[in-house]
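# Coordinate analysis (summary)
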Amino acid sequence: MLSRFLEMHGFTVYSASDALQALDVLERNQVSMVITDYVMPHMDGIQFTELLKADPRFQSVPVLLMTGSEDGSVTDRGLRKGVALTLHKPLDMGQLLTLVRFAQ
């Protein structure tokens, strides 16, 4: 649903069903932003971000982390590992669109 929303607003979107597939997608495509969920198979979104930020090619790519958790420790941990911003579900799609436009 998120991919379709962003595509409808003119963005090119590369999707992955888990963190390992996302790493493969990022190897093959240049991106201006990564949007990831906190809960994923294989590793969580913060672990995924930590892997990305360890690679010099992705250090400057902003990462938005989506979470349904109201636990502030998710946000704090994410910021320490390189997450630019944590978005809480349900997402405010207008806010998301503004953030994605800003990252271009």
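Residues numbered from 1 in each chain as written. Predicted model: local features only at pLDDT ≥ 70, side-chain atom pairs only at ≥ 80, totals over all residues. Heavy atoms only, no water.

### What about the UniProt feature "modified residue: 4-aspartylphosphate" (unreviewed entry) in the protein chain?
- According to UniProt, the feature "modified residue: 4-aspartylphosphate" (unreviewed entry) maps to Asp37 in the numbering used here.
- Relative to the helices and strands, aspartate 37 is located in strand β1 (residues 34-37).
- The residues contacting aspartate 37, other than those within four sequence positions of it, are Gly45, Leu65, Met66, Thr67 and Lys89.
- A distance of 2.7 Å separates a polar atom in the side chain of aspartate 37 from a polar atom in the side chain of lysine 89. (UniProt positions renumbered as here; feature names shortened; annotations may be inferred. Helix = DSSP H or I, 4+ residues; strand = E, 2+ residues; numbered from the N terminus. Contact = heavy atoms within 4.5 Å. Polar contact = N/O pair within 3.5 Å; in protein donor to acceptor, adjacent residues only side chain to side chain.)

### Topic: the side chain of threonine 67
- Structurally, the position occupied by threonine 67 is in strand β2 (residues 63-67).
- Overall, threonine 67 belongs to the buried group, its relative accessible area being 2%.
- A distance of 3.0 Å separates a polar atom in the side chain of threonine 67 from the backbone nitrogen of serine 69. (Buried < 20%, exposed > 50% of the residue type's maximum accessible area, 1.4 Å probe, protein only.)

### Digging into the nonpolar core
- Core analysis: the largest hydrophobic core is formed by 12 residues, namely Ala19, Ala22, Leu26, Val31, Val34, Met40, Met43, Phe48, Leu52, Phe58, Val61 and Val63.
- Listed by contribution, the elements that provide at least two residues to this core are α2 (19-28) and α3 (45-54).
- In terms of residue count, the dominant contributor to this core is α2 (3 residues).
- Those residues in contact with methionine 40 that lie beyond four places of it in its chain are Ala19, Gly45 and Phe48.
- With 11 residues, the next largest nonpolar core counts Leu2, Phe11, Met33 and Leu97 among its residues. (Core = buried A, V, L, I, M, F, W, Y, C linked by side-chain atoms within 4.5 Å.)

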